[in-house]
Structure formats: C-alpha cells, structure tokens
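Listed here are the chains, written in short residue letters.
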Amino acid sequence: MDFAAELKRQVTRIDRGLDQLVPPAATRPARLHTAMRYSLEAGGKRLRPVLVLATAELFGVEDDSALAAAVAIECIHTYSLIHDDLPCMDNDDLRRGRPTAHRQFDEATALLAGDALLTHAFALLAGNYPDNLAGALVRELAAAAGSRRLIGGQMEDLLAEKKSDATGDELEFIHLNKTAAMIEAALVMGGLIGGANEDAIGTLRRAGRHLGLAFQIVDDILDATADTATLGKTAGKDAKAGKTTYVRLHGIDASQRLAQAQTEAVFAALRALPGDTTFLDRFADALIHRQK
Ligand code: GRG
C-alpha cells in the first residue's frame, strides 16, 4: 500500500466534503459563514475525519456515506480550536499557520463561528443518516464533545493552569477527555457507519484511547521542541505557562518511549479487528513521528 497516496486521497475527499457540506461563505450572514470557512479551510492534519473514513472502509463502506460524519467531527474539532484560542482561554494569535479567528475577524464573530460549527455538526448527522444510525452517531459525538469529555477536559485544563502543580490524575483526566475523546469518537463513528458489532466498537474505543494518549504525548514533545513556523501555532506555550505536561513530568526521552508504548497498544487493539488494518497501523505510526 502506498500510504502517502492513500492519506492524500482521504484528505482530498475530506476537503471536498467540507466544501460541499458547510454553507457557502456568501450565505447570509456572510461574515459568519466566511469565518466558519476561514478556520476550516486553514487546513490542519484532518486526523479525526481521516480516522472516520478509514475505519468505515475497514468495515466495508465503499461509498461516500461516512463523509458527512467525517465533516461533522472536523467541524466540532475546529470549533474547539477557535474557542480555545479566544482571549478568555489561551488568547492565541496563530492557528493552522494563520491569524486566529478572533484576530482575523473579532471576538464575537469567532465565538459565533465556533457555536455555528458545533451546531452544524449535529445537523449533518441528523440530516444524512437513517434515524437509528443518526441517533447512535449523535449520542457518540455529543458524549465525546460534552461536559464529561472534551469540554470537561478543557475545564480541568484551565483549572490546572492556575495551580503550580497538577497531579498525574488531573493530567490523565485532561488528556483522556480533551484529546482522546474525539479521537475515540472518530474510530467509533466509522465503525457505527460500517455496522461494526459491539465487540468491535469496544475494540475501536480502546484503540482510540491509546491513539489519543500517544497523540497528546507527541503534542507535548512538539510544543517543547518544534518551532512556531513548523507547528503553525505558538510553540513553547506549555513551559511558559508552567503547565504540567508529559515532558515536564518525564522528560523528552521517556515521553517518546511512552508515546511508543501507547502506539504499540493501538497496534494490539487493531489486530483484534477483522480486515486489513495496514492503513490505520501506518497512520498511528505516522502520528508519533510527525513534525507538527
Ligand atoms: C474550547 C471546548 C473547548 C475545547 C478546546 C482542542 C482544544 C480543546 C484545545 C487545543 C489545545 C490542545 C493542545 C488540545 C489537545 C488536543 C490537540 C492536540 C488539538 C490539536 O489538534 P490537531 O493537532 O490540530 O489535530 P489540527 O490543526 O492539525 O487539526
């Protein structure tokens, strides 16, 4: 398998899907729809939607039926980035290599663009799938993005920043929920669309949890070692904020080993699934060796 070509194929499908399934920029109010597209079209790795499509394919989905779910999860992820960058949270200037949404537009427009992307995600699920499947997808994504997971992880992250030392337990809660929840949901949603049975859904959840932790450990390493131009977002923020991270707790080398161990756990989970998981294996491997 030509991994790079396959990844490019999936990202191209996702970019086309985003263009087709998000209202055109000129839709009234144009400023809001322009801001939604500004942040979506800035790019990003498309990690979560690629996982939706690749997992659906693993379970035999050969058409574009997973695309609306892939776009939905990218809408939620992008909303979370827009809101995370706001002055009331991280107050950041750069995201995906561009000025953040509130810098490019203004704070109210950025807030509303995030709100609209969040809402649009659920409209896509409700509008593109038969009722039973739509219900399952909405439940999965709402739980992953909700107060116990993505938003809860963000809340604990903000609380931890105000303290000099977060505990290992707090760090785990933050990473499992702020980062791993959406990655887990991406795999599970792909499985649900492909009709995966309960066992397989449990296995996908486990793979997603380990992949999410591996991804977050590498995110911590890159924050400490890469530069702002490469990352397309401000580097070195964790140390500057005195944040508790894997790097601060364990150092770079041990963090790399931890990321590798989490990735091995992803491979082990994937081996329990039916079908050819080569692409997902290679994708997990590429994520721990990424430069941004
Ligand atoms: C505001 C509800 C709310 C949540 C914000 C996404 C987020 C939660 C915060 C951003 C900061 C951060 C380090 C989050 C951990 C997850 C993570 C590494 C997000 C960045 O995802 P990438 O690297 O981004 O996939 P791209 O731009 O490539 O899509």
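Use the structure listed above.
Here the structure is a predicted model, which is why all the values come from computation and not from measurement.

**Student:** I'm lost on helix α3 (residues 47-58) in this one. Help?
**Tutor:** Since the α-helix turns once every 3.6 residues, residues separated by three or four places project in the same direction. Over its 12 residues, α3 runs 16 Å from end to end, which matches the ideal 16 Å to within 8%, given 1.5 Å per residue. Residues Leu47, Arg48, Pro49, Val50, Leu51, Val52, Leu53, Ala54, Thr55, Ala56 and Leu58 constitute the buried set of α3. The inward-facing, buried residues of α3 abut α1 (3-21), α4 (67-85), α9 (168-193), α10 (198-225) and α15 (278-288). In the segment just after α3, glycine 60 is the residue with positive phi, at about 90°.

**Student:** Whenever I open this one, the site of the ligand confuses me. Can you help?
**Tutor:** Around the ligand sit 18 residues in total, of which Lys45, Arg48, His77, Asp84 and Arg96 are the nearest. Lysine 45 places a polar side-chain atom, nitrogen or oxygen, 2.7 Å from an oxygen atom of the ligand. At 2.8 Å, a side-chain N or O of histidine 77 approaches an oxygen atom of the ligand. At six residues, the largest contribution of residues to the shell around the ligand is made by α4. A class-by-class count of the residues in the shell around the ligand yields five nonpolar, seven polar and six charged.

**Student:** Help me out: how do you make sense of the nonpolar core in this one?
**Tutor:** What tends to happen in soluble globular proteins is that the nonpolar side chains get buried as a cluster. By size, the foremost hydrophobic cluster in this structure holds 74 residues, and its most contacted members are Leu51, Tyr129 and Leu141. With 11 residues, α4 is the largest single contributor of residues to this core. Judged by nonpolar contacts, the second largest core, of 14 residues, contains Val218, Ile221, Leu231 and Ala235.

**Student:** Sorry, what's going on with the side chain of glutamate 74 here?
**Tutor:** With respect to the helices, strands and loops of the structure, glutamate 74 is situated in helix α4. A distance of 2.9 Å separates the side chain of glutamate 74 from the side chain of arginine 46, its partner in a polar contact. Not counting chain neighbours up to four residues away, the residues in contact with glutamate 74 comprise Leu18, Leu40, Gly43, Arg46, Pro49 and Arg96.

**Student:** Any chance you could explain helix α2 (residues 30-41) here in plain terms?
**Tutor:** For α2, spanning 12 residues, the distance from its first C-alpha to its last is 16 Å, which sits close to the expected 16 Å at 1.5 Å a residue. When we look at burial in α2, the residues that qualify are His33, Ala35, Met36, Arg37, Tyr38, Ser39 and Leu40. Contact partners of the buried residues in α2: α1, α4, β2 (98-99), α5 (101-104) and α6 (107-128). Glycine 43 lies just past α2 and shows a positive phi near 100°.

**Student:** Explain the pattern of salt bridges to me, please; I cannot follow it from the model alone.
**Tutor:** Two side chains of opposite charge can pair, provided their charged atoms sit close to one another. For the coordinates displayed, the defined rule picks out 24 salt bridges. For arginine 31, the salt bridge identified is with aspartate 106, shortest N-O distance 2.7 Å. Here arginine 31, found in helix α2, pairs with aspartate 106, found in the loop between α5 and α6; they are 75 residues apart in sequence, far enough to count as distant. Here arginine 95 and aspartate 84 are joined by a salt bridge, their closest N and O atoms 3.6 Å apart. Here arginine 95, found in strand β1 (residues 94-95), pairs with aspartate 84, found in helix α4; they are 11 residues apart in sequence, far enough to count as distant. Residue classification places aspartate 84 among the buried residues on the basis of a relative accessible area of 14%. Because the salt bridges share partners, they merge into one network encompassing Glu6, Arg9, Arg13, Glu57 and Asp64.

**Student:** I would appreciate a short explanation of the environment of leucine 280 in the present structure.
**Tutor:** Looking at where leucine 280 falls in the secondary structure, it is placed in helix α15. A relative accessible area of 7% places leucine 280 in the buried class. In sequence terms leucine 280 and alanine 35 are 245 residues apart; their C-alpha atoms lie 32 Å from each other. Those residues in contact with leucine 280 that lie beyond four places of it in its chain are Leu51, Ala54, Thr55, Leu58, Leu187 and Leu270.

Procedures and definitions
Residues numbered from 1 in each chain as written. Predicted model: local features only at pLDDT ≥ 70, side-chain atom pairs only at ≥ 80, totals over all residues. Heavy atoms only, no water. Helix = DSSP H or I, 4+ residues; strand = E, 2+ residues; numbered from the N terminus. Expected span 1.5 Å × (residues − 1). Buried < 20%, exposed > 50% of the residue type's maximum accessible area, 1.4 Å probe, protein only. Contact = heavy atoms within 4.5 Å. Near = heavy atom within 4 Å. Polar contact = N/O pair within 3.5 Å; in protein donor to acceptor, adjacent residues only side chain to side chain. Nonpolar A, V, L, I, M, F, W, Y, C, P; charged D, E, K, R; others polar. Core = buried A, V, L, I, M, F, W, Y, C linked by side-chain atoms within 4.5 Å. Salt bridge = Lys/Arg side-chain N within 4 Å of Asp/Glu carboxyl O.

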